[in-house]
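Given next are the chains, with one letter for each unit.
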Amino acid sequence: MKVHQLEQLYKGNVSRLKEQMKKQEKERLEQTKQQIREEQRVLYEKKLREAKKAREQELRLIQEELTRITEQAVSLKEEIDRVLEET
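This is a predicted model, so every value here is computed, not measured. (Residues numbered from 1 in each chain as written. Predicted model: local features only at pLDDT ≥ 70, side-chain atom pairs only at ≥ 80, totals over all residues. Heavy atoms only, no water.)

What follows is about the overall build of the chain. Counting its regular elements, the chain contains one helix and zero strands. Its C-alpha atoms give the chain a radius of gyration of 37 Å, clearly above 12 Å, the size a compact globule of 87 residues would have. A principal-axis box enclosing the C-alpha atoms of the chain has dimensions of 125 × 10 × 5 Å. When each of the 87 residues of the chain is scored for burial, the buried share is 0%. Counting every atom, the chain has about 8800 Å² of accessible surface; 57% of that belongs to carbon and sulfur. Computing the positive centroid from 21 side-chain charges and the negative centroid from 19, the chain places the two 19 Å apart. (Helix = DSSP H or I, 4+ residues; strand = E, 2+ residues; numbered from the N terminus. Rg over C-alpha atoms; globule rule 2.2 N^0.38 Å. Buried < 20%, exposed > 50% of the residue type's maximum accessible area, 1.4 Å probe, protein only. Areas by Shrake-Rupley, 256 points an atom, 1.4 Å probe, with all protein chains shown as cover. Lys, Arg positive; Asp, Glu negative; His and termini not counted. Charge placed at Lys NZ, Arg CZ, Asp CG, Glu CD.)

Okay, here's the thing in structure tokens:
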């Protein structure tokens, strides 16, 4: 082989190597992006579950408070009725 042919072969190989490296880097970046998207999705779902759980707990507390108020109102009404009957 002549030197010129070897130089061309070398340049061709270097060029292919650079293209392959670019392709691998692009694939790596795409995988990283996909991983980040997945992590964000998981984090969003976790926060959504936590918010739902907090809302359910808040609603339970409100329901308990309403039950307590209702029971007090019934008790007060019974007491008023009893007082009215006594008079």
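Before going further, it helps to spend a moment on a nonpolar patch on the surface. Taken together, the side chains of Leu-59, Ile-62, Leu-66 and Ile-69 present a nonpolar region at the surface, about 350 Å² in accessible area. Checked against the element boundaries, Ile-62 lands in helix α1 (residues 3-86). (Patch = residues over 30% accessible without salt bridge, like charges linked within 9 Å, V, L, I, M, F, W, Y side chains within 5 Å. Salt bridge = Lys/Arg side-chain N within 4 Å of Asp/Glu carboxyl O.)

With that settled, consider the pattern of salt bridges. What the rule picks out here adds up to seven salt bridges. For Glu-25, the salt bridge identified is with Arg-28, shortest N-O distance 2.7 Å. Taken together, the residues Glu-25 and Arg-28, both in helix α1 and three residues apart, mark about one turn of the helix. Given a relative accessible area of 36%, Glu-25 falls into the partly exposed group. Across the salt bridge formed by Glu-30 and Arg-37, the nearest N and O atoms sit 3.3 Å from each other. Residues joined by salt bridges that share partners form a network here, namely Glu-38, Arg-41 and Glu-45.

Worth remembering: the numbers are spatial, not functional.
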